[in-house]
Amino acid sequence: MWDAWLKVKDNGGAAGADGVTIEQFEEDLSGNLFRLWNRMSSGSYFPGPVRAVEIPKKGKKSGIRVLGIPNVVDRVAQAAAVAALEPSVEPIFHEDSYGYRPGRAPVDAVAVCRERCFRKDWVVDLDIRAFFDSVPWELMLRAVAHHTDQKWVVMYVERWLKAPMLMPDGTPVQRVKGTLQGSPISPVLANLFLHYGLDMWMARELPSIQFERFADDAVIHCVSERQARQVRDAVARRLVEVGLELHPDKTRIVYCKDSKRRGTYEQISFTFCSYTFRPRRAYNQRTGEVFTGFLPAVSPEKLTAMSHRVASWRLHRRTTQDLTDLAVGVNLVLRGWFGYFTAGGLGTQ
């Protein structure tokens, strides 16, 4: 319980529906943690409603995404359940699953994707329609129960899944499926569901097909357009079997066009983990040759968001500060951007 609290405190975040902030929870930390432990141990713990926050989807994914913010006490409870469940599921996850796993980062998935795009001419850029809103609870709970003998974990996962959502106007909404984005338990539940729903199915039915998956985003590599269409259709049928659906407009077949790949095709770019893969000018450092490579770099949508963030700093108005003062406020963010978009030699074009 203590380790769970430390993780919640480190992650920060806003108050839930009960209005209790992390700072307020910490004012009586020992008492709050003891009461939570006592309730969870006795089976009398029931989570409060989840506060819904509507945010616009970024880039081309127009619309509204609903994030769920559990109460701080519920976040601590979920973090404790993750600590109990994760050691039993982490070892069985697929090698090409990268999302929210210890010791793995989005740039690892991007680096592997880049190498495979060099070898395979086509990719299927998968988009699962409203994954976090559509996961069937029955299949999810069966997967959780299969990987733990601790009945309290299964019981509380079910209660968290069924917790009502409190909308911005104060209206409570009962949910019948899905796992809320924004809660500590959601990443491990999403990985566990897609491990059986997609990863293991791919390994069993399409063992020669390589892919990378980060949470509900996946890229599948194919040797031909015909194979890509067959794989896309097979994956679509599989997802229907487990209660999900490919987005018909956002799932695309993309040609990895470069100097050695001829032909004209409509789709020659895709975005994965905020990197856009497309034909780009490149240099052979040994020979000095200029050529076109199919390479990743920061996506236009992410670049726009970064530009807006910089503009919000209004640096040109801070005329009373010197460069050292300005650096204190911006260097942490800039280091994060440069660290992510130049990791492992990945491009920043």
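Everything below is about the structure printed above this text.
Report on the accompanying structure. (Residues numbered from 1 in each chain as written. Predicted model: local features only at pLDDT ≥ 70, side-chain atom pairs only at ≥ 80, totals over all residues. Heavy atoms only, no water.)

1. Quick notes on the pattern of salt bridges
- Tallied over the entire structure, the rule returns 17 salt bridges.
- E95 is the salt-bridge partner of R104, the closest N and O atoms lying 3.1 Å from each other.
- Judged by its relative accessible area of 55%, E95 is exposed. (Salt bridge = Lys/Arg side-chain N within 4 Å of Asp/Glu carboxyl O. Buried < 20%, exposed > 50% of the residue type's maximum accessible area, 1.4 Å probe, protein only.)

2. Some details on helix α4 (residues 72-89)
- Over its 18 residues, α4 runs 25 Å from end to end, which matches the ideal 26 Å to within 8%, given 1.5 Å per residue.
- Its axis deflected by about 30° at A83, α4 carries its strongest bend there, up to four residues before the proline P87.
- Of all 18 residues making up α4, 13 are buried, and the element is well covered by its neighbours. (Helix = DSSP H or I, 4+ residues; strand = E, 2+ residues; numbered from the N terminus. Expected span 1.5 Å × (residues − 1). Bend = angle between axes of the 7 residues up to and from the residue.)

3. Overview of the sheet that holds strand β8 (residues 252-255)
- Strand order across the open sheet formed by four strands is β6-β7-β3-β8, with antiparallel pairing between neighbours. Two strands in the sheet have a free side with no partner beyond their single neighbour: β6 (210-214) and β8. Shown here is a sheet whose adjacent strand axes are inclined to one another by a mean of 20°, direction ignored.
- Of the pairings in the sheet, the one linking strand β3 (residues 122-127) to β8 comprises four bridges and is antiparallel in character. Its bridge partner being in β8, V123 is matched across the sheet by V254.
- Relative to β6, helix α5 (residues 106-119) is tilted by about 155°, and along the sheet it contacts β3, β6 and β7 (217-222). (Pairing = 2+ DSSP bridges. Axes fitted to C-alpha atoms, helices over the stretch in contact; angles between N-to-C directions. Contact = heavy atoms within 4.5 Å.)

4. Observations concerning the environment of D325
- Residue placement: D325 occurs in helix α12 (residues 323-341).
- Put simply, D325 and W160 are 165 residues apart on the chain and 45 Å apart in space, counted from C-alpha to C-alpha.

5. Concerning the side chain of S183
- Tracing the backbone shows S183 in the loop between β5 (172-173) and α9 (186-205).
- In this structure the side chain of S183 is engaged in a polar contact, spanning 2.7 Å, whose partner is the side chain of S186.
- Residue contacts for S183: discarding those within four places in its chain leaves G68, P70 and Q78. (Polar contact = N/O pair within 3.5 Å; in protein donor to acceptor, adjacent residues only side chain to side chain.)

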